[in-house]
Amino acid sequence: MLVHPPTPSADSAITDQLTLPIEGMTCASCVRRVEKALAKVPGVQEVNVNLATENAKVVFDPTVVSLDQLSAAVEKAGYRVGSLPPTPFPAEQLVMARPMADAAPVDLHAQARQREVDELKRKSLVSLAIGVVMMALMYLPLHLDVVLLAPVLLIAATVVQFWAGRIFYSAAWAAGRHGSTNMNTLVALGTSVAYGYSAFVTLWPSLAERWGFPYHLYYESAVIIIALILLGRWLEARAKKQASNAIKALMGLQARTARVIRAGREVDVPIEVVQVGDLVRVRPGEKVPVDGIIVEGSSAVDESMLTGESLPVEKTVNDRVIGATLNKTGSFIFRATRVGRDTTLAQIARLVEEAQGSKAPIQRLADTIAAYFVPAILALTVVTFLGWLLVPLEPGSAPRLTLALQAAIDVLIIACPCALGLATPMAIMVGTGKAAEQGILIRNGEALEQARKITAIVLDKTGTLTRGKPRVTRVITLNGLAESELIRLAGAAELGSEHPLGEAIVSHARESGLALPNAEHFEAVAGQGIRALVEGHEVVVGNETMVGQARSSLPFLPLSGREGKDGGNLAALAETGATSMYVAVDGRVAGVITVADALKPESAAVVDELRALGLEVWMFTGDNRATALKIAGEAGIAPEHVLAEVVPSEKAAKVKALQAKGKVVAMVGDGINDAPALAQADLGIAIGTGTDVAMAASDITLVGGDLRNLVTAIALSRKTVGVIKQGLFWAFAYNVILIPVAMGALYPFFHVLLDPILAGAAMAMSSVSVVTNALRLRGFRRPASAAEILHPSLRARVGEYAYLVAIALVALAIGAATMRLTLRADRGMNMAPGGATTAPADRTIAISANDQLRFLPDAVTVHVGETVAFQITSTGQLDHEFVIGDAAVQEEHEQEMASGSMAGMNGSAFAVDVPAGRTATLVYTFNKPGLLYYGCHVPGHYAAGMRGTIRVEG
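Residues numbered from 1 in each chain as written. Predicted model: local features only at pLDDT ≥ 70, side-chain atom pairs only at ≥ 80, totals over all residues. Heavy atoms only, no water.

## A look at the environment of S66
So the rule is basically this: The helix count covers DSSP runs of H or I at least four residues long, the strand count covers runs of E at least two residues long, and both are numbered beginning at the N terminus. Exposure is judged per residue with a 1.4 Å probe applied to protein chains only, and the accessible area is read against the type maximum: over 50% gives exposed, under 20% gives buried, and values in between give partly exposed.
Residue position: S66 is located in the loop between β4 (55-60) and α2 (67-76). Overall, S66 belongs to the partly exposed group, its relative accessible area being 30%. The spacing of S66 and V41 is 25 residues in sequence and 9.9 Å in space, taken between C-alpha atoms.

## Here's the deal with the nonpolar core
Note the following rule: Here, the term nonpolar core denotes a set of buried Ala, Val, Leu, Ile, Met, Phe, Trp, Tyr and Cys residues that are joined through side-chain atoms within 4.5 Å. Two residues qualify as a contact provided that any one of their heavy atoms is within 4.5 Å of a heavy atom in the partner residue.
Counting 58 residues, the largest nonpolar core has I457, L459, L465, L610, I637 and L710 as its most contacted members. Per-element tally for this core: the top contributor is helix α26 (residues 708-743), with 10 residues. The residues contacting L465, other than those within four sequence positions of it, are L459, D460, L599, K600, S603, V607, M619, A635, I637 and L707. In this structure, M134, A188, A194 and A222 belong to the second largest nonpolar core, which totals 37 residues.

## A word on the pattern of salt bridges
What counts here: One speaks of a salt bridge when a side-chain nitrogen belonging to Lys or Arg is within 4 Å of a carboxyl oxygen belonging to Asp or Glu.
All told, the structure shown has 19 salt bridges when counted by the stated rule. Ionic pairing is found between R843 and E866, a salt bridge with its closest N-O pair at 2.5 Å. A residue pair is termed long-range when its members are at least 10 positions apart, and R843 in strand β29 (residues 843-849) and E866 in the loop between β31 (859-863) and β32 (867-874) qualify at 23 residues. Assessed through its relative accessible area of 31%, R843 is described here as partly exposed. Counted as one network, the salt bridges with shared partners bring together R259, E266, D268 and R281.

## Some remarks on the sheet that holds strand β10 (residues 299-302)
Going by this rule: A strand pair is defined by DSSP finding two or more bridges across the two strands.
Here 3 strands make up an open sheet; going across it, the order is β11-β10-β13 and the pairing antiparallel. Sheet topology places β11 (313-315) and β13 (326-327) at the edges, where each strand pairs with a single neighbour. Examined bridge by bridge, β10 and β11 share 3 bridges and lie antiparallel to one another. Its bridge partner being in β11, S299 is matched across the sheet by K315.

## As for unusual backbone geometry
Of all residues except glycine, most have a negative phi; of all peptide bonds, most are trans. Of note, the bond from L856 into P857 is cis; its omega dihedral lies within 30 degrees of zero at 0°. Residue position: P857 is located in the loop between β30 (855-856) and β31. Phi is positive for N318, close to 80°, though the residue is something other than glycine. Tracing the backbone through its elements, the reader meets N318 in the loop between β11 and β12 (320-321).

Rendered as structure tokens:
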């Protein structure tokens, strides 16, 4: 459970946030049910339930609502709140020198999830094995007496129904007693109808016959359906576990112990004990335990696990180090500045977990549909059942009750909305996890979706396009002040500044060996500069606008054209790309310090790739226009897309102006002065090497300073949203196409209904295909160049949709093959209740075929397990044939004979030719109860009424 500290809301109310593990959710309708239940609790302000993570994020007023009330609301909805992790002990309660256990902390929730996965695997595989054996006994020509076999099938089916299928009954009952329905309701009803009907005709065959119930068994259908759905859930659970590994991988980077210096000695302690202000030593090859500032020593630190930078970064005194990074060479001591949940790693893990549990706006459509989906399917099932009972059928068709039951079962099973509920959260879960691996933190699903929509992107110059580590290149003094004194005063004033230009002046002063006095009354003017009191002198450092306020010294001359005593021309310096920082002391301009910031090596390529993605690229900066144009030219940004000499409010206003033109704008920045524009933009992207204020105002944070991650973030968001749309399309199309098929849309054309087993397989495959398609995001890689974006390879273009297309083609092929086998089997002994045989006949039935185109008798009754020798005699001058089969077989053969494509059925397993004046014999064993027909399909004979019926009784 993640519990965030109370934060004041806009109306000063106290709010808290926690994440509850929810047990028992299986589909989108479950998500909707839990959200509505929690939202009704007084004091709850926001609820977000995620099916993929099986968590509910709740924002609430802790003075109004308690955890017990939230748990009760979830249980009232028919679900359960899982066990919450224990609250960790405060640091002061831990023994400082207690060694860290070698074993990793036990994750009780992960263990419970693993037990669930193992149970699903065991039950699905056992059920599948029993179902396969059942199908073999029922459909292979083993010549077994179905009446004797039925009790054995009943016992096996009962085990599966109430052992493996118990999960469906429990969940359906929990929802039903609170007036709700979900996917489990559909599965429980569908399999119960199939199992219950079969059990009834098995246990009370005489009563079933009196009531007109055909002796049809659906045991194998119920068992296979349960097996396939459990198999699908097992695969889904495995996929969820893989998708959630991103957070575990992040936290696995963390060091277990820290070598803390206390009371003059070094002690290894658990990192939970480290406090802000502690001195910590890191030796070569060790991980940095928490965040801090180096106070002694230097080293090269590998930060690739967090920032993506492949080369180690040189660190020395006053440099910041990040917890979980790897110290490569030297030894150093740093002072801890962030510990526990405040470290960079912990914040990253928290952001990733929150993002994985968030929803994209596109999910709202699925949630809305899910709220009404299951009740609508139940109503549709009733309509389907009654429709098959009431709609008149052709003579010779299967019994109405049989067709009605099969169609109703099909609708219940095939309509389970698993794929609908998993399409969006699984893609977000995998996409945000993959982004974290790349050093990209996406705040939520809305930011992920918004990144795909942007049409214009605004880049800050300093620290974004440039290295953000400018250096002093020139010092020009005015009004007689010495250069060292100018640097000393300016450096002291800039000590409180976070701006890279100010840091450059401070670094230059220290490198020059100057002692910097303390500054007082420090004031930063966003976008202009700073003001401070140093040794009683008012020092102002900033751009021309800032220092222009101290124009008492030079009221007559524009600063941009001022010549220094060494002959330096300020305008010419600006044209080289250097930034001029003006310094005023006690109201008089004392000099100019020029600072140059080199363009990042990757900036020009990134600008090309952004344009290749179809984005309009802009650059904003507070620098003068000459410097801005120089940097923009090197980066490849058009001059008309450069806005220079702007204050933060102007940046935000320019973003707003672009939005007014219909553009969806993303802003990329790293400084305090970028925060207003980041907040105004449709999508704020912060460079992680920048300030906390910038990152707090952003939707996406690039942990490292590598600008190439910007392209990765946008490309990955487009890919993720594309996968979401693919999944939702598959889920919707699956239901739109297959529900009518389950209702019997194909019956008028092929005289077949969808097999319930095939319905269960289709439902499971739909969920698994959506989940596995989302997992393909784990193989995402950033575009290598603008050319690759503009001209992707054929393999990349085909691969974009190849997986789901392949799944659809496989599904169609399986469906077509199944239908073909069904049609064929309907003509043979496997689908009919019997078949031709060479076994001795139990009795003989004589049938005459006359020239009046009639069989005499035209109706016979046999029993299951009986072998009958039919002796058919043609008593006149016409040739006939004798064909046994159901209505579909008779109709199909009639069409084949009428078209002249077949000359007769002699030699078939269920037919003989009867020449004029001759007698033919067909020995046939009846293995299943039901209704069959015999007919003659010599052209014109069957239509004239040459047919009869065979009633097979149990």
